[in-house]
Every structure is written in C-alpha cells, then in structure tokens.
Amino acid sequence: MRFLVISHSKHKEEGDTLYGYTPYVREMNLWLKHVDKVEVVAPKTNDTISSIDTAYQQSNLYFNRIPFIEFTSFKKASLSLLNLPKIVFTIFKAIKRADHVHLRCPGNIGLLGCLVQVLFPRKIKTAKYAGNWNPKSNQPLSYRVQKWILSNTLLTRNIQVLVYGNWKNQTKNIKPFFTASFYNSEIEPLIRKEYGDKLNFVFIGSLVKGKRPLLAIKIIEKLNKERKPVSLELYGDGILKEELENYIATKKLEHIISIKGNQEKEVIKKALKRAHFLLLPSKSEGWPKAVAEAMFFGVIPIATKISCLPFMLDGGNRGILIEPIITSAVDRIHVYLENKNRLKLMSEAASSWSQNYTLDTFETEIVKLLRHS
C-alpha cells in the first residue's frame, strides 16, 4: 500500500532521516508500521532538530517538500498566494499516486488537501481532525470550511474522519476517536495521593496565549495568598516564556512556581507521579494529550469546559471543570479541596478511564481503519 500523508506540520531532515514534532510523529509511526510505502507532503524547516522532535520509523519514505503557507504579514501572504498553484498541483499528483490518503487537519495545508481530495471520490481516505470538533464552537473560517467539506458526504467520499468527542447529528463520515501517549506496559498501580498537605500542580503545554499559562500562574498565586500550600511546575516552551518568568519574579513567586521548559517523556512521567492536579485553562483543544496523560497517573485535571473535555472528565466526576476567570476558578477548586475523599475517588476514576486509551488500543483501531484500504 502506498500511504500518503498531507500535513501542515513543519518537518526537519538530517541525512536520509525525516523528523517532526514528537506527539505527531509518534502517532504517525503507528500508522506507518502497517503500510509498504509512504509519501509525506509537508513544509520543511531548516531549524535545528531538538528534544521535541522524533524521527519517522519507515525506511520506504519519500518526503515531498512544499512551501509554507502563512498569512501573518503582507509579504508572507503574497508569497503564499504565489506558491498556491504549485502546492495544489503537488497535492493533486500525490493523491493520484496514493492508495490511501491521510489528511491532517485543521491547517492551511489540510484545507488544500480537503479541496483537492474532492476530485478523487474513489480514493480511500482518512482524516485526523486534531482540533475542536464541537459544532457550536467559535472557530476561524478556514477551520469551519474544513469541517464542512469533511462532513459533506456528497463532496467527500470514501473517508473516515477521526474527531475527538461524540457529537450529535453527525454524518456517516465522522468517527469519534481518541489519541494516546502510553502503552499497556506502562500501566502501574495507582499511587494513592493525600490531599491534606502540600498540593502539587503541573501545567503541561506550549507557553502561548491559547493555553493560558499566565492564568494558571495567577490561579496558583491566589491560592497561595489564601494560605493554601501549593506549588506549580510548568512544562513547555513558547513565546510567553520570558513574560511568565518576569511575572513570577516580580510577584516573588519563585518559591512556589517554576518553569521547567520542554522535557523528555520520562521527566514528565516523574512529574505526574508527584503531582496532585494538572492545571490547563486552555482557550481551545482537540483531545488534550496533557489531560489524558495526567489522568493516566491519577492526576486530577482542572480544565476549561471546551471541546471534548466535559466528556473526558465525565462532567466533573473525573476532573474539575472551571471557567477561565481567576476568582471563579479558585472558588470552584476550594469546593473540591474541602472533600478529600471525593478527590481520591476522582483520582481513581481518572486513572481507570485514561488507562483504557493506550497506544496498544490506538494501534489496534488504526489497523482496522487501514484494512478498509
């Protein structure tokens, strides 16, 4: 089988080896274990390979480089428009060669892939929509267009669209799905946590506005002012890092809050085993891996009511759902902290649920999808 991946994710090369963002490539490697040939149509960056990059594990792989599409400035927008015909033609030829087309959405390249695949109704396709599929959510126009095309059974045929969450009134193209980070072999007996002493919070994610790391810091700051024994470790990097460090220093919070940067998987696992709560007050999510990873080790998520999070947290039985307002969030956390037995049950429920979604289960579901090819 010739398997085609169309992605907006930036890729890096070193010799004959292709690298990409670790969570994405780790998932793709599970798909690629079960195909003969792979073609990846995606942009290339000359940035240095870092700890958050992972290599594709497929020897028969062809990387078909395309230019970036960016509209963040007039110059970049003009260049992107000039490159559009070349990119569309590249995608067209790649789909024509493929036996199975796999679209990664949402994104600018994903949008072009959605449009071009309409011309190939007989090709077998899958699409991974890694964003928020909630039909009622307020999203950019390009995202809404991608969702409309993928859902339209007249335009898009022979496809299974993998989305996070189980939403009402969906077309036959749409298949509720999940993602995973750990294997069955990594399941350990639950560490029973006490909630009477110091409470350890973690934030795992990019330090960008969409993840609201400053809100997480301010929530911990307020809890500390109210004499709750708390600490917060932030794992991740991003454009807000310096701003966050300055805020922590200005408010003299270094004794309870620290930014750890990007870390290897084993470091994150150790941090989760120590933690009581994950704090992730994001603006938007697809299937937030950080939440599922935390739950795997019995860490109680504190998250906003977005995307499939109410489903993941069972409406508040497996985690704490908050509004992105400091006072409201802190008041809600206080309510839960008053009932330690409830927190223990919540930790157990979170771990039990998350451990159903392992990479082993994920790979089994992928094989089922590929058997239709």
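Scroll up to find the structure.
Everything numeric in this text was worked out from a predicted model, so none of it was measured. (Residues numbered from 1 in each chain as written. Predicted model: local features only at pLDDT ≥ 70, side-chain atom pairs only at ≥ 80, totals over all residues. Heavy atoms only, no water.)

> How should the packing of aromatic side chains be read in this particular structure?
Each aromatic ring pair is characterised by the separation of its centres together with the angle its planes make. Counting across every chain of the model gives 19 aromatic pairs. Ring geometry for Tyr164 against Trp287: centres 5.8 Å apart, planes inclined by 50 degrees, an arrangement best described as tilted. Of this pair, Tyr164 sits in strand S9 (residues 159–164) while Trp287 sits in the loop between strand S14 (277–280) and helix H8 (289–296), and the two are 123 residues apart along the sequence. Each member of the pair, Tyr164 as well as Trp287, is classed as buried. Taking 5.3 Å as the distance between ring centres and 25 degrees as the angle between the ring planes, the aromatic pair formed by Phe177 and Phe178 counts as stacked. Classification of Phe177 as buried rests on a relative accessible area of 6%. Aromatic ring contacts, followed pair by pair, group Tyr164, Phe177, Phe178, Trp287, Phe311, Trp353, Tyr357 and Phe362 into a single cluster. (Phe/Tyr/Trp six-rings, centres within 6.5 Å; stacked < 30°, edge-to-face > 60°. Helix = DSSP H or I, 4+ residues; strand = E, 2+ residues; numbered from the N terminus. Buried < 20%, exposed > 50% of the residue type's maximum accessible area, 1.4 Å probe, protein only.)

> Explain the nonpolar core here, please?
Burial of nonpolar side chains together is a common tendency in soluble globular proteins. Residues Trp31, Phe201 and Phe277 are the most contacted members of the largest nonpolar core, which totals 88 residues. Other than its neighbours up to four places away in sequence, Phe201 contacts Ile220, Leu223, Val230, Ser231, Leu232, Glu233, Phe277, Leu279 and Ile302. (Core = buried A, V, L, I, M, F, W, Y, C linked by side-chain atoms within 4.5 Å. Contact = heavy atoms within 4.5 Å.)

> Looking at this structure, how should I read the packing of helix H2 (residues 74–97) against helix H3 (residues 108–117)?
Axes are the key here: two packed helices are described by the angle between their axes and the distance separating the axes. At a closest axis distance of 10 Å, the pairing of H2 and H3 adopts a crossing angle of 55 degrees. Between H2 and H3, the angle is such that the two are oblique. The chirality of how H2 crosses H3 is right-handed. Note on element contacts: H3 touches H2 through Ile109, Leu112, Gly113, Val116 and Gln117, opposite Leu84, Ile87, Val88, Ile91, Phe92 and Ile95. Its residues assigned to classes, the contact of H2 with H3 shows nine nonpolar, two polar and no charged. (Axes fitted to C-alpha atoms, helices over the stretch in contact; angles between N-to-C directions. Parallel < 35°, antiparallel > 145°, perpendicular 65-115°, else oblique. Left-handed = near helix turned anticlockwise from the far one by under 90°. Nonpolar A, V, L, I, M, F, W, Y, C, P; charged D, E, K, R; others polar.)

> I'm lost on the environment of Lys228 in this one. Help?
Structurally, Lys228 can be placed in the loop between helix H5 (213–225) and strand S12 (230–235). Residue class for Lys228 comes out partly exposed when judged on its relative accessible area of 27%. Sequence-distant contacts of Lys228, defined by excluding residues within four places in its chain, comprise Leu223, His334 and Leu337.

> Is there a simple way to explain the sheet that holds S14 in this structure?
The strands making up a sheet are joined through hydrogen bonds of the backbone, oriented either antiparallel or parallel. If you walk across this open sheet you meet the six strands as S13-S12-S11-S14-S15-S16, and the pairing is parallel. On the outer flanks of this sheet lie strand S13 (257–261) and strand S16 (320–322), each paired with one strand and no other. Strand-to-strand twist of the sheet, defined as the mean angle between neighbouring strand axes without regard to direction, takes the value 25 degrees. (Pairing = 2+ DSSP bridges.)

> Could you clarify how one ought to interpret helix H10 (residues 326–337) in this entry?
Counting along an α-helix, one turn takes 3.6 residues, and residues three or four places apart therefore face a common direction. Given a rise of 1.5 Å per residue, 12 residues ought to cover 16 Å, and the 16 Å separating the end C-alpha atoms of H10 matches this to within 8%. Turning to H10, its buried residues are Ala329, Val330, Ile333, His334, Tyr336 and Leu337. The buried residues of H10 occupy one face: seen down the axis, they fall within an arc of 160 degrees. Looking at the buried residues of H10, the elements they touch are strand S11 (199–204), H5, S14, strand S15 (300–304), S16 and helix H11 (340–354). (Expected span 1.5 Å × (residues − 1). Arc of directions from axis to C-beta.)

> Please clarify how the sheet that holds strand S2 (residues 12–14) should be interpreted in this entry.
Overall, antiparallel pairing links the three strands, which are arranged S2-S3-S5 in an open sheet. Unpaired on one side and paired on the other, S2 and strand S5 (53–55) mark the two borders of the sheet. Strand after strand, the sheet turns through a mean of 35 degrees between neighbouring axes, direction not considered. As defined by bridge partners, strand S3 (residues 17–21) adjoins S5 across three bridges and the pair is classed as antiparallel. Within S5, the position partnered with Tyr19 by the bridge is Ala55. Packing of helix H1 (residues 22–32) onto the sheet brings it into contact with S3 and S5, and relative to S3 it is tilted by some 120 degrees.

> Looking at this structure, I do not really get the side chain of Lys125. What am I missing?
Within the secondary structure, Lys125 is located in strand S8 (residues 124–129). No salt bridge is formed by the buried Lys125. Its closest oppositely charged neighbour is Asp99, at 13 Å. Here Phe120 takes part through its backbone oxygen, which lies 2.9 Å from a polar atom of the side chain of Lys125. Those residues in contact with Lys125 that sit more than four places away from it in its chain are His100, Val101, Gln117, Phe120, Arg157, Asn158, Ile159 and Gln160. (Lys, Arg positive; Asp, Glu negative; His and termini not counted. Salt bridge = Lys/Arg side-chain N within 4 Å of Asp/Glu carboxyl O. Polar contact = N/O pair within 3.5 Å; in protein donor to acceptor, adjacent residues only side chain to side chain.)

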